[in-house]
Amino acid sequence: MPATALAEAGPAPAAVTPPTAPPSFGTLALRWYRLNRAGLRATAIGVISLLAFLMVWHLLTTYRVVFFVRFTNVPSPLAVYASFSKAIHDPKFLMHILLSCRRIFIGFSLAAIVGVPLGLIMGRFKLVHEIVFPVAEVLRPIPAIAWVPMAIMLWPTNEQSIVFITFLGSFFPILVNTLHGMSLVDPVLVRAAQCLGARERSIFREVYFPASLPHVFTGLTVGMGVAWVSLIAAEMISGQYGIGYFTWEAYSLVQYADIALGMIAIGVLGLGSSVLIRGAGRLVMPWSAK
Amino acid sequence: MSEVSVNTPKGHIEVKNFSLAYETIEGAVQAVTDTQIHVKPGEFVSIVGPSGCGKSTLLNAVAGFLKPTTGIVTVDGERVSGPSAERGMVFQQYSLFPWKTVRENVEFGLKMRGMPRSQRERAARTLLGLAGLEAFEKHYPEKLSGGMKQRVGIVRALATGPKVLLLDEPFGALDAQTRVIMQQILTNMWQRLKISVLFVTHDIDEAIFLSDRVYCMTARPGSIKAEIPIPLERPRQQSMMMSSEFLALRRGLMSLIREESLKAMGGEINDMGMQGLNIELHGHSLADVI
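Keep in mind that this is a model prediction, so the values were computed, not measured.

## Examining the overall build of chain B
So, point 1. The secondary structure content of chain B amounts to nine helices and 10 strands.
So, point 2. Considering chain B as a whole, with its 290 residues, one finds that 53% of them fall into the buried category.
So, point 3. Across chain B, every contact between residues at least 6 apart in sequence was considered, and the portion connecting residues at least 24 apart equals 70%.
So, point 4. For chain B, the accessible area works out to roughly 13,000 Å², and carbon and sulfur atoms hold 52% of it.

Here it is in structure tokens:
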């Protein structure tokens, strides 16, 4: 009987294939292609679609199309590229980007440091939930941009009020998703831990926390998106530096190519930060890797 | 391996004058009433009964998850007041921690007890070896088959050397072949460890094949309808399931349960319904006819 038990647990049949000469480079490349065909296809189509977008943009601006929307003053991709190659050597442009990144880093980190533990505690202790939840629900629908005047009153410096706006933007998605994760923890897993001798503190650390991590990371991803939205709005209104301010300033100074450059920079920065969070999630939760 | 290889049988379970009711808006619902059961040290006892009869409720009370409304549950004379590592539990849904590898799952109880890492790693490896799972120690549960998951579940429950093992329909979700193998593995482990087992199932064959004694419960509110000793000699082979002795036990248990199942279905099957099915009752009870 143990033999059958072992057979069921036996390793994959890979071990059974007879040893052969190492495959040539050609066969390996072909195999790699077959295994990754779907991914390659997606990449290829993605590149084509981006190129098509650039092409349409180029044509619309070259011929200054006016059809409901006016492309007369819109910079062409080549003009934007020219201002990009100039800006990349301009320390002022780099400073704008660096400052925006710093604000995101501080505001978002604070939101995560406060939001995740608060969500975990609210999910575990009813009283805390009952006290905090109503206040959070009232404040949550207020868009971060509506906080700008209040933030300017609250904080002594502009820098602090912008970081505060960024914090607020990412705080609520993080809190709400963490809470949601806590509410979905399988009670059977809690029971399993209890009959293995786990007490309250261990159950929190070993069951509730890892079980809600996937939702915590959903919250962090959404929070990061909203953090950028809030930051740019705050910078456009009250900033003196930052990529949002750069974009708005370009409009005031009639530097049309810089408007598009600022927008693209914001897009790339936002994309980069969500990629970072997703990567962190994969590192922290190796079990959920597909 | 001192945690698991203890030679004196232990774990005397006693449930006396047990009843359990829970409150609903319509009033108290009696789940289990007036129940006495006991499991002698080293004995393998099953509870069978129609679905919803409260057999899992009874098991959860022995585990310490539910407080009896009246009566008392003791293990080796000590009153059960909450879950503890002394009573290992195996769940139908496997309930392995998805964020822990197979070995970390098995180590969990030892970790809760404060055993140093290297020591508990060694203990877990030895146990996994006994279950034929050493090749999978670094896998996450998601990657395992149902049978392997449940083997990990059993090994995890046994790792801390509990006095009793409680199993709640542990093989209910497995296919027939895997189930037979799992029954053998469980029997082997039980005989080697000499601990008491309380096993809840709705599978009559499984109950007879595994047990020294079987309790049959009535429909809700559940109570013990009959207690059937299983005098089949050990070690038991699959072929015994065709013996006349086995079949006689099976017939007896079958009719007991069928009566209760019909009761549990209540008004759903009545004389009128049976006429529609062209079955004449001729004054016999429904249970005799079916």
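What follows picks up the thread again.
## Things to note about the packing of helix H2 (residues 102–112) of chain B against helix H3 (residues 117–130) of chain B
When two helices pack together, their arrangement is captured by the angle between the axes and the distance separating the axes.
Residues and elements named next belong to chain B.
So, point 1. At a minimum axis separation of 9 Å, H2 and H3 run at an interaxial angle of 125 degrees. Regarding the angle of H2 to H3, the classification is oblique. As H2 runs across H3, the sense of the crossing is right-handed. Between H2, through Val-102, Arg-103, Val-106, Glu-107, Leu-110 and Lys-111, and H3, the contact on the second element is made entirely by Arg-120, Glu-121, Ala-123, Ala-124, Arg-125, Leu-127 and Leu-128.

## Some points on the pattern of salt bridges
All names here are of chain B.
So, point 1. Applying the stated criterion to the full structure yields 24 salt bridges over all chains.
So, point 2. A salt bridge links Arg-103 to Glu-121, with the nearest nitrogen and oxygen atoms 3.6 Å apart. A residue pair is termed long-range when its members are at least 10 positions apart, and Arg-103 in helix H2 and Glu-121 in helix H3 qualify at 18 residues. When sorted by exposure, Arg-103 lands in the same class as Glu-121, which is buried.
So, point 3. Glu-137 is paired through a salt bridge with Arg-125; the nearest N and O atoms lie 3.0 Å apart. Of this pair, Glu-137 sits in the loop between H3 and helix H4 (146–158) while Arg-125 is found in helix H3, placing the two residues 12 residues apart along the sequence.
So, point 4. Taking relative accessible area as the criterion, Glu-137 reaches 13% and is therefore assigned buried.
So, point 5. A residue is classified by how much of its surface remains accessible, and Arg-125, at 36% relative accessible area, is partly exposed.
So, point 6. Look at the salt bridges and you will find they share partners, linking Arg-103, Glu-107, Arg-120, Glu-121, Arg-125 and Glu-137 into a network.

## Observations regarding the environment of Met285(A)
Residue and element names in this part refer to chain A.
So, point 1. Counting through the fold element by element, Met-285 comes out in the segment after helix H12 (256–284).
So, point 2. Between the alpha carbons of Met-285 and His-89 there is a distance of 39 Å; along the sequence they are 196 residues apart.
So, point 3. Filtering out sequence-adjacent residues up to four positions away, Met-285 remains in contact with Leu-213, Pro-214 and Phe-217.

## Section: the interface of chain B and chain A
So, point 1. On the chain A side, the residues contacting the 34 residues of chain B number 25 residues.
So, point 2. Summing both partners gives a buried area of about 2,600 Å² for chain B against chain A, and 68% of it is carried by carbon and sulfur.
So, point 3. Inspection of the region where chain B meets chain A yields two salt bridges.
So, point 4. Note that Lys111(B) and Glu206(A) form a salt bridge whose closest N and O atoms lie 2.8 Å from each other.
So, point 5. Joining chain B to chain A, the criterion identifies four residue pairs in polar contact (both at pLDDT 80 or more).
So, point 6. Among the secondary structure elements, those contributing two or more residues to the side of chain B that touches chain A are strand E6 (87–90), H2, H4 and helix H5 (176–193) of chain B.
So, point 7. Looking at the side of chain B that touches chain A element by element, the count peaks at five residues for H4(B).
So, point 8. Its residues placed into classes, the side of chain B that touches chain A shows 17 nonpolar, 10 polar and seven charged.

## What about the packing of helix H9 (residues 187–194) of chain A against helix H10 (residues 200–238) of chain A?
Residues and elements named next belong to chain A.
So, point 1. Closest axis-to-axis distance for the H9/H10 pair is 10 Å, and the angle between their directions is 145 degrees. The interaxial crossing formed by H9 with H10 has right-handed handedness. Along the contact surface, H9 presents Leu-189, Val-190, Ala-193 and Gln-194, while H10 presents Ile-203, Val-207 and Tyr-208.
So, point 2. Of the residues assigned to the contact of H9 with H10, the class counts are six nonpolar, one polar and no charged.

## Things to note about the domain arrangement of chain A
Residue and element names in this part refer to chain A.
So, point 1. Taken domain by domain, chain A holds domain 1 (25–74) and domain 2 (77–288).
So, point 2. In this structure, domain 1 and domain 2 have C-alpha centres spaced 30 Å apart.
So, point 3. Broken down residue by residue, the surface that domain 1 buries against domain 2 is led by Trp-57, His-58 and Asn-73, which jointly contribute 89%.
So, point 4. There are zero residue pairs in polar contact (both at pLDDT 80 or more) connecting domain 1 and domain 2.
So, point 5. Its residues assigned to classes, the side of domain 1 that touches domain 2 comprises two nonpolar, three polar and no charged.

## A few points about unusual backbone geometry
So, point 1. Pro221(B) follows Arg220(B) through a cis peptide bond whose omega is -5 degrees.
So, point 2. As for its position among the elements, Pro221(B) is in the loop between strand E9 (213–217) and strand E10 (224–229).
So, point 3. Here the bond from Arg234(B) into Pro235(B) is cis, since omega is 0 degrees, no more than 30 degrees from zero.
So, point 4. Tracing the backbone through its elements, the reader meets Pro235(B) in the loop between E10 and helix H7 (244–265).
So, point 5. Within the chain, Phe68(A) stands out as a residue other than glycine whose phi angle is a positive 60 degrees.
So, point 6. Assessed through its relative accessible area of 79%, Phe68(A) is described here as exposed.

Reading guide: rules and limits
- Residues numbered from 1 in each chain as written.
- Chains lettered and ligands numbered in written order.
- Predicted model: local features only at pLDDT ≥ 70, side-chain atom pairs only at ≥ 80, totals over all residues.
- Heavy atoms only, no water.
- Helix = DSSP H or I, 4+ residues; strand = E, 2+ residues; numbered from the N terminus.
- Buried < 20%, exposed > 50% of the residue type's maximum accessible area, 1.4 Å probe, protein only.
- Contact = heavy atoms within 4.5 Å.
- Areas by Shrake-Rupley, 256 points an atom, 1.4 Å probe, with all protein chains shown as cover.
- Axes fitted to C-alpha atoms, helices over the stretch in contact; angles between N-to-C directions.
- Parallel < 35°, antiparallel > 145°, perpendicular 65-115°, else oblique.
- Left-handed = near helix turned anticlockwise from the far one by under 90°.
- Salt bridge = Lys/Arg side-chain N within 4 Å of Asp/Glu carboxyl O.
- Buried area = accessible area lost by both parts, 1.4 Å probe.
- Polar contact = N/O pair within 3.5 Å; in protein donor to acceptor, adjacent residues only side chain to side chain.
- Nonpolar A, V, L, I, M, F, W, Y, C, P; charged D, E, K, R; others polar.
- Domains from an automatic or database assignment.

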